[in-house]
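Summary of structural features
Here's the letter readout for the chains.
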There are 4 protein chains.
Amino acid sequence: MNTGSGSMEAPSPRRWQRRKDERTGEIIEAALGLFCEKGFSATKLDDIARAAGVTKGTPYLYFDGKEAILKAVVRATLIDRLGEIEAECRDYRGSRTVLIRRLMLKWWDEVGSTELAGLCKLMVAEAANFPELARFYHDEVIVRSRALMRAVLLDGVREGEFRPMPDTDAVIDALQAPLLMNMIWQHSFARFDESATGSYTKQRLETTLDLVLAALTAAGTTRQGNPTT
Amino acid sequence: MNTGSGSMEAPSPRRWQRRKDERTGEIIEAALGLFCEKGFSATKLDDIARAAGVTKGTPYLYFDGKEAILKAVVRATLIDRLGEIEAECRDYRGSRTVLIRRLMLKWWDEVGSTELAGLCKLMVAEAANFPELARFYHDEVIVRSRALMRAVLLDGVREGEFRPMPDTDAVIDALQAPLLMNMIWQHSFARFDESATGSYTKQRLETTLDLVLAALTAAGTTRQGNPTT
Amino acid sequence: MNTGSGSMEAPSPRRWQRRKDERTGEIIEAALGLFCEKGFSATKLDDIARAAGVTKGTPYLYFDGKEAILKAVVRATLIDRLGEIEAECRDYRGSRTVLIRRLMLKWWDEVGSTELAGLCKLMVAEAANFPELARFYHDEVIVRSRALMRAVLLDGVREGEFRPMPDTDAVIDALQAPLLMNMIWQHSFARFDESATGSYTKQRLETTLDLVLAALTAAGTTRQGNPTT
Amino acid sequence: MNTGSGSMEAPSPRRWQRRKDERTGEIIEAALGLFCEKGFSATKLDDIARAAGVTKGTPYLYFDGKEAILKAVVRATLIDRLGEIEAECRDYRGSRTVLIRRLMLKWWDEVGSTELAGLCKLMVAEAANFPELARFYHDEVIVRSRALMRAVLLDGVREGEFRPMPDTDAVIDALQAPLLMNMIWQHSFARFDESATGSYTKQRLETTLDLVLAALTAAGTTRQGNPTT
DNA sequence: GATGAATGAGTCTTCATTCAT
DNA sequence: TATGAATGAAGACTCATTCAT
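Throughout this document, residue positions are counted from 1 along each chain, in the order its sequence is written. Labels are handed out in written order, letters beginning with A for the chains and numbers beginning with 1 for the ligands. Local features in this predicted model are restricted to residues whose pLDDT is 70 or higher, and side-chain atom pairs enter the listing and the counts only when it is 80 or higher, whereas totals over whole chains, interfaces and linings include all residues. Side-chain measures were taken over the full set of non-hydrogen atoms in the model, leaving aside hydrogen atoms and water.

1. So, the interface of chain C and chain D
Basically, it comes down to this: Note on definitions: a residue-residue contact is assigned when non-hydrogen atoms from the two residues lie within 4.5 Å. Take the accessible area each of two parts loses on contact, using a 1.4 Å probe, and add the two losses: that sum is the buried area. We define a salt bridge as a side-chain nitrogen of Lys or Arg found within 4 Å of a carboxyl oxygen belonging to Asp or Glu. Here a polar contact means two N or O atoms within 3.5 Å. Within protein one must be a hydrogen donor candidate and the other an acceptor candidate, and residues neighboring in sequence count only if both atoms are side-chain atoms.
Taken together, the 40 residues of chain C in the interface contact 40 residues of chain D. For the pair chain C and chain D, the summed buried area comes to about 3300 Å², and 63% of that belongs to carbon and sulfur atoms. Applying the counting criterion to the chain C and chain D interface returns 6 salt bridges. Residue E194(C) pairs with R135(D) through a salt bridge whose shortest N-O separation is 3.8 Å. One can count 5 residue pairs in polar contact (both at pLDDT 80 or more) joining chain C with chain D.

Take a look at the structure:
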């Protein structure tokens, strides 16, 4: 009757709620690791469950199935990061050149160089097999990230920091592709590449950034000194 | 009675032989189409067989299994093309700039812009799941194609057409990555991209080529100091 | 609130557990029957499952595959019996002649004259096709049963009950072979043998035992002379 | 019309006949080796054909199928030998003891110690799977060989060489079983038996023969008593 | 007679998902 | 909420047998 010590027997609704959220998080966490490591198909739901400390049936109490878990994983990681970055951009005042460099490096540090890279590669690999998932990723990650870059670039143009660019999408590609290629490479052929010839590094990423940003500001030619650095 | 041409003396071992060769080709053809369209795992051997106009067991008369079929497909397409290109390079005398442009456009025309693109994407997607297959592709396609480019680039440097480049692999990446990205894109998210913002075209490929080749030869010009790097 | 017996605290993990144990037994039981009746290769896993009242996939929850099931069957029957017999021997004090007779008759009653005989025949029949299985049987059944007999025989010799025997293995063969032959016969040609000429019976088994045991003790007679050999 | 030089184009019927017989023999020969070595199921018809120097379809021109080939193999080997032995017995005049020893040793030399042993083991192993085959073997090999022995034994009794025996079948078993066990052992567990404890040898076979024959004639000695039984 | 390409029934095995407890 | 036993659809691969040539 005394609930003083009985908290474990009859947890408050909120407590359950918290537990529920935790469970969700634990499952997402577990799934993230396995998906990134082994890919989507090769990851068994049983593995996810066990890694989350629950049993086979439990994930179905929180998610509609394997695909839904992947969706949740993407949301909890990539899309979250994207949200942060978007917020950062909204508040930002200052050099777009600096901003772009910062965004790219953040993405590298928090995604490209982490296990999350495997998630991006996974989406590419499975896109054809799971159209609904692919659309979700396309709309929520790809489109949004491109939109973000586009906005920054156009802001830069409007404010005179960048010269007008005839094909914004090409610029976005030029910025993002190397990073994406690296993520894909790491999770496909990197293991066979003893000399690591194909591996991107942060160093190389920065070189690419310098190059593209230099080109964007190059029009400044007469305007000022040597940009890039 | 006199069988003038002796057609009966050769009871067509050739006929069967021919059929056998054709079968191999037909199966490879069928497999190519299905692999490119649906990926490796999603393609059932039964589908391949039916698409080739035979039944389930027949492909096993010609190949050791699904992986072997994929290997044969890669050999019959990508590796063949690569061989042609290698031969072309061996005999070539002339501007390396022209040669590189020609190679890249050939690859675009014969692979990048065809269904074969799906094969490249497939290998990336399944590399993690089929290590033996991945190694084969890595050694026979990736390594060889990079070696080819490296040779051409170094020739160009030796003969003074290109300026010395500190990181050949980075240049190779710069040349190949856009094309590869395009192939991957086409077979993953392109279908969701109504505005086709992410799509490479031959036009864009040429732009990239111009850019990189210009950078490679730029130093040779008397024009000015050290660009890029 | 006070749950007197606490029946709710243990929400029947035991219930499932019990079911699980039962399942294993049911599958082994079903497999035993089918293996003995139809042999190993001719028994489909689907049959086993159905005979156990479950569906195709279920046996895989309990065993690694068909061979593993057979192993389990052998363990649960022959090896278990062997264990009992070994225990019986360890504790035994008394006439080895009596002991050997008892062991042989036990084996006859619990194996030779039951469906388990089919299991022994099966192992002989499939030994060449499943080496790993055969080695298991060889090591766990054949070697152990021979070792057991050898120990008893040598004990008998040491204690003067049996005369020294130049070739223990030959004696073991003489004791075991008739029983084994019978088991093999029952599950191969017995069905075609209307007159049952080739069939061993318990009676004939006892005759053989008498014969061999008599020979083993015969030397004890004052007659000496040249026994057997 | 002139067949002078046309012998190859139009061979005489007899020539074809000969060829046909040869083919049959070659296939039987090839099948024998493979059956003995690998068992019935594990031997592919394709293997037999190739070993016989023909192709897959050819055996079907001479036999109704795999089972029929095995039948032919048994006929051409075991049943043939049996026929010889039967003939030998018919003409024989002299000691039955000597005759039995001779028969057993012949069987050992020509079957037990040769690859043909594998055939006997095969029949035991597959009897349950191929009833029609098993009946054939039972009737043509087992029954006949037992009848042969029985006749010799009874002749011996009639002529006073052997003492009357209450259970002729038991005696036949005693004579044949060791040899059969050896054949089975060689093709099942012998390979796992490093110490070769279970292996019969010609030596051991002779010992058994001595033993049984001694028992059969023992009564004839002045010693009288009631032996064996 | 001989070939050998093709057939297709047969079986093991995996795993996402369900549901009684 | 959590369990975990059970399901059953799906798919790769084998090989005896057939038959057009």
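2. Focus: the protein's contact with DNA strand E
We apply this condition: Proximity criterion: a residue is near a molecule or strand once any of its heavy atoms comes within 4 Å of it. Numbering of helices and strands starts at the N terminus; helices are DSSP runs of H or I of at least 4 residues and strands are runs of E of at least 2. Under this grouping Gly is polar, as are all residues other than the nonpolar Ala, Val, Leu, Ile, Met, Phe, Trp, Tyr, Cys and Pro and the charged Asp, Glu, Lys and Arg.
Neighbouring residues of DNA strand E: 34 residues in total, closest R23(B), K56(B), Y62(B), K20(D) and Y62(D). Atoms of DNA strand E within 4 Å of the protein belong to the sugar or the phosphate in 68% of instances, the rest to bases. Contacts to DNA strand E include Y60(A), whose side-chain N or O atom sits 2.9 Å from a phosphate oxygen. Looking at the surface near DNA strand E, the elements that each hand over two or more residues are α1 (13–38) and α3 (59–62) of chain B together with α1 (13–38) and α3 (59–62) of chain D. In terms of residues, the surface near DNA strand E owes the most to one element, α1(B), which gives 3 residues. Classifying every residue of the surface near DNA strand E by side-chain character gives 11 nonpolar, 10 polar and 13 charged.

3. Brief notes about helix α8 (residues 168–186) of chain B
Residues and elements named next belong to chain B. This is how the line gets drawn: Given a helix with a known number of residues, its expected span is that number minus one, times 1.5 Å. Fitting axes to the seven residues that end at a residue and to the seven that start at it, the angle between those axes gives the bend at that residue. Here's how the labels work: a residue is buried when its accessible area is under 20% of the maximum for its type, exposed when over 50%, partly exposed in between, all with a 1.4 Å probe on protein chains only.
With 19 residues, α8 extends 28 Å from end C-alpha to end C-alpha; this agrees with the ideal 27 Å at 1.5 Å per step. Within α8, the axis deviates most sharply at Q176, by approximately 35°, and proline P178 lies no more than four positions further along. Counting buried positions along α8 yields 14 of 19 residues, so the element is predominantly enclosed.

4. Details of the UniProt feature "domain: HTH tetR-type" (unreviewed entry) in chain A
The criterion, for reference: UniProt positions are given in the numbering used here, feature names are shortened, and annotations may be inferred rather than shown by experiment.
UniProt records the feature "domain: HTH tetR-type" (unreviewed entry) for residues 21–81 of chain A in the present numbering. Helix makes up 74% of residues 21–81 of chain A and strand makes up 0%, while its end C-alpha atoms are separated by 19 Å.

5. Looking at helix α6 (residues 117–126) of chain C
For α6(C), a buried count of 10 out of 10 residues is recorded, marking the element as mostly surrounded by other parts of the structure. Among all positions of α6(C), only A117(C), G118(C), L119(C), C120(C), K121(C), L122(C), M123(C), V124(C), A125(C) and E126(C) are buried.

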